Amino acid sequence: MGKLDGKVAIITGAARGMGAQHARRFVAEGAEVVMADVLDDQGEIVAEELGDQARYVHLDVRDRAQWDVVVTTALEAFGRVDVLVNNAGIFRREPIETHSHEMWDEVIGVNLTGIWNGTKAVIAPMREAGGGSIINVSSTAGMTGYAYLPAYTASKWGIRGLTKTTALDLGVYGIRANSVHPGFVRTPMTEELGDNTANVALHRTAADDELSSLVVFLAGDESAFSTGGEFIADGGESAGIPAR
C-alpha cells in the first residue's frame, strides 16, 4: 500500500528539480499526478517516464484560463483532485536599488499570484472530493530576509500569510493548507548561486529529492490534523549562526 493510494495531485513546476522529484515520489506512493510547467519538452519526458499515472499540461501559473485546463485534465483523466502542490517559483537576483519594477511584477506574479490562482482553481473539485491538501512551497526566505532578493523574499513571506488564511477559510470543507520552507536545494534554478553553506548548520546543500518525503507526508492522511502550519527543511539555516 502506498501512502498516497487513490489520491490525485496537481504539481506545478514539475518539469525539473524538486517538482519533478515530487511527481516521481507521488507516483511511487500510488498517486495519479497532473504535472504542470512552462518547460514543455522536459515535462513531457518526465510524464512519459511515469506512465499512465501521470499527465503533463502546459501552465503559466499567472494565467487563470490555463489553470482551468489543468483542473479539467485532472478531472477527465483521473476523476478528482485531492492534492495541489504549488511548487512553481522563480527569482531575480538584484539589489533593491536596481531591481526593476518589471522584475518585481514577474516574481510576485509567479510566486504569489500563481499560488492564489491555483488555490482558487482547486476549491470546487476539492470540496466535491470531500477535502484535500494544498501545499505551498515557500522558502527559508519566507522566514528571514535575503540580500539581493527583494521580490523573491516578499513573495515567500506572502505565501506564509496566504497559506494561513487558506487554512482558516477552507478548513470547514476539510481542505488543509500548509507551507513548506526549503533551504538551499540543488536544482537548475539555484545553480547560479554557488554553494555557500557557511550559515547552514549541516554545512551542506540538499539534493532535489530530499523535500519529497515531507511533501508526501503533507499530501497524505498521516498529516490529517496539520493545517496552517509552516514546515521548515533548511539544514538548520534559520536556526541561527553555526560554529565555524
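Above this text you will find the structure in question.
I will try to describe carefully the structure that is included in this document. (Residues numbered from 1 in each chain as written. Predicted model: local features only at pLDDT ≥ 70, side-chain atom pairs only at ≥ 80, totals over all residues. Heavy atoms only, no water.)

### Details of the environment of F225
Put simply, the rule is: A helix here means a DSSP run of H or I that spans at least four residues, while a strand means a run of E at least two residues long, and both kinds are numbered starting from the N terminus.
Within the secondary structure, F225 sits in the loop between α6 (212–219) and β7 (230–233). Expressed as a C-alpha distance, the spacing of F225 and G30, which sit 195 residues apart in the sequence, is 22 Å.

### Considering the packing of helix α3 (residues 64–78) against helix α4 (residues 101–129)
Spelled out, the test is: Note on method: axes are straight lines fitted to C-alpha atoms, helices fitted across the in-contact stretch only, with angles between N-to-C directions ranging 0 to 180 degrees. Reported orientations rely on four angle classes, namely roughly parallel under 35 degrees, roughly antiparallel over 145, roughly perpendicular from 65 to 115, and oblique for the rest. Here a crossing is called left-handed whenever its near helix is offset anticlockwise from the far helix by less than a right angle, and right-handed whenever the offset is clockwise. Here, residues are in contact when the closest pair of their heavy atoms is within 4.5 Å.
Running from N to C, α3 and α4 cross one another at 40°; their axes reach a closest spacing of 10 Å. The pairing of α3 with α4 is recorded here as oblique in orientation. Two packed elements cross with a definite hand, and for α3 against α4 that hand is right-handed. Across the interface between the two elements, R64, W67, V71 and L75 from α3 touch G114, N117, G118, A121, V122 and P125 from α4.

### A few points about the sheet that holds strand β1 (residues 8–12)
Keep this limit in mind: The pairing criterion is simple: DSSP has to find at least two bridges between the two strands.
Read across the sheet, seven strands follow the order β3-β2-β1-β4-β5-β6-β7 without closing on themselves; strand pairing throughout is parallel. Of all the strands in the sheet, just β3 (54–58) and β7 have a single pairing partner and so form its edges. Geometrically, the sheet is characterised by an average inter-axis angle of 20° between neighbouring strands, direction not taken into account. The pairing of β1 with strand β2 (residues 32–37) spans five bridges and is classified as parallel. Following the sheet pairing, T12 is matched in β2 by A36.

### As for the environment of R62
In this structure, R62 sits in the loop between β3 and α3. Taking the C-alpha atoms as reference, R62 lies 27 Å from E210; in sequence the two are 148 residues apart. Residue contacts for R62: discarding those within four places in its chain leaves E106, G109, V110 and N117.

### Remarks on the environment of H58
We count it as follows: Relative accessibility under 20% of the residue-type maximum defines a buried residue, over 50% an exposed one, and the middle range a partly exposed one, all with a 1.4 Å probe and only protein chains included.
Within the fold, H58 resides in strand β3. Judged by relative accessible area, which is 36%, H58 ranks as partly exposed. C-alpha separation for the pair H58 and G118, spaced 60 residues apart in sequence, amounts to 14 Å. Setting aside residues no more than four positions away along its own chain, H58 makes contact with D37, V38, D40, Q66 and V70.

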